[in-house]
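Inside the fold
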Amino acid sequence: MERVILHSDLNNFYASVECLYNPSLRGKPVAVAGDPEARHGIVLAKNYEAKACGVATGNPLWMAKQKCPDIIFVPPHYDLYMKYSQIAKEIYSEYTDQVEPYGLDECWLDVTGSTHLFGDGRRIANELRKRIKFELGVTASVGVSYNKIFAKLGSDMKKPDATTIITSDHFRDVVWPLPVNDLLYVGRATHNKLKRYGIHTIGDLAQADQKLLQNMLGQNGLMLWMFANGLDTSPVSNIGAKSLIKSIGNSTTAPRDLITDEDIRITLMVLCESVSSRMREYGFDIHPAFE
Ligand SMILES: [Mg+2]
């Protein structure tokens, strides 16, 4: 039986949460920025209004300001993003226990076993969007397909607040004309190699010679060929598989160059304090060697 897999992507997640908490930001161009006061601030996320002016994630703040003089920079509130991400996951888990997060704002769901309870993939996707809008106050785009790769592709195709279905019957018409770097795991380096061989669309990749791809990209070449042909069979992991915290860290951008040992000692102290307080919060013991 063909699987029914959903990929839900909360639209402009960070910026949407900021606008939710501060209604005076709504309708204005907003960017979540590392630290507007610091030297190396960049745009971490932006809303549609900022995007319309050409502001892109990763832009230095001066550039964003140049493109969009009215832009409002807000600092990130990760605790809020985590909270909203968690609420979304709780909604998803009412439909299936196979919920696999991909970052804070995206999740795959395998609802194959739940369609007899909740209706087909489209129906579940539409219901999820409605509930997320009502219960979280943000919008989501949902892709529905028979494998994870196409489900993710689908959630990117129509935004915001839309459902996109990609079936095994019509994926060649829908997916193959798309640029090859729309495919998950085609990063910049791979994209450049593919371009050199005249592989520009996902269809080009699907119809490329497997031997050529293997020579060019090794095992990954074959994997991408499978993806392009709709042959991805990787499972959606179980919701219980997540949440094993393996590391806790913290970083900062210093507002000026750290020159003396004292400068560095103080900065390290602040970072260590924040890491150790989070370790205590999660109930971890500190290894005796570090006590
Ligand atoms: Mg998103």
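A quick note: this is a predicted structure, and the numbers were derived from the prediction, not measured.

**Considerations on the domain arrangement of the chain**
- What the domain assignment lists for the chain is domain 1 (5-12 + 79-171), domain 2 (14-76), domain 3 (176-228) and domain 4 (245-291).
- For domain 1 versus domain 3, the separation of C-alpha centres amounts to 26 Å.
- Contact residues are listed per partner, giving 4 residues for domain 1 and 4 residues for domain 3.

**Details of the packing of helix α11 (residues 210-217) against helix α12 (residues 219-228)**
- It is the contact of α11 with α12, at a shortest axis distance of 6 Å, that shows an interaxial angle of 135°. One element, α11, and the other, α12, form an angle in the oblique class. Taken as a pair, α11 and α12 cross one another with a handedness that is right-handed. For the pair formed by α11 and α12, the contact residues are Gln210, Leu213, Gln214, Met216 and Leu217 on the first element and Asn220, Gly221, Leu222, Leu224 and Trp225 on the second.
- Considering only residue class, the contact of α11 with α12 consists of 6 nonpolar, 4 polar and no charged.

**A short note on the nonpolar core**
- Core analysis: the biggest nonpolar cluster contains 62 residues, and Leu6, Ala31, Leu109 and Leu205 have the highest contact counts within it.
- Counting residues per element, this core draws most heavily on helix α1 (residues 13-21), at 5 residues.

**Brief notes about the packing of helix α4 (residues 78-92) against helix α6 (residues 121-135)**
- Contact geometry for α4 and α6: axes closest at 11 Å, N-to-C directions at 145°. Classified by chirality, the crossing of α6 by α4 is right-handed. Between α4, through Ile87, Ala88 and Ile91, and α6, the contact on the second element is made entirely by Leu128, Arg131, Ile132 and Glu135.
- In the contact of α4 with α6, the residues fall into 5 nonpolar, no polar and 2 charged.

Calculation rules
- Residues numbered from 1 in each chain as written.
- Predicted model: local features only at pLDDT ≥ 70, side-chain atom pairs only at ≥ 80, totals over all residues.
- Domains from an automatic or database assignment.
- Contact = placed C-beta atoms within 7 Å.
- Axes fitted to C-alpha atoms, helices over the stretch in contact; angles between N-to-C directions.
- Helix = DSSP H or I, 4+ residues; strand = E, 2+ residues; numbered from the N terminus.
- Parallel < 35°, antiparallel > 145°, perpendicular 65-115°, else oblique.
- Left-handed = near helix turned anticlockwise from the far one by under 90°.
- Nonpolar A, V, L, I, M, F, W, Y, C, P; charged D, E, K, R; others polar.
- Core = buried A, V, L, I, M, F, W, Y, C linked by C-beta atoms within 7 Å.
- Buried ≥ 20, exposed ≤ 12 C-beta atoms within 10 Å, placed from the backbone.

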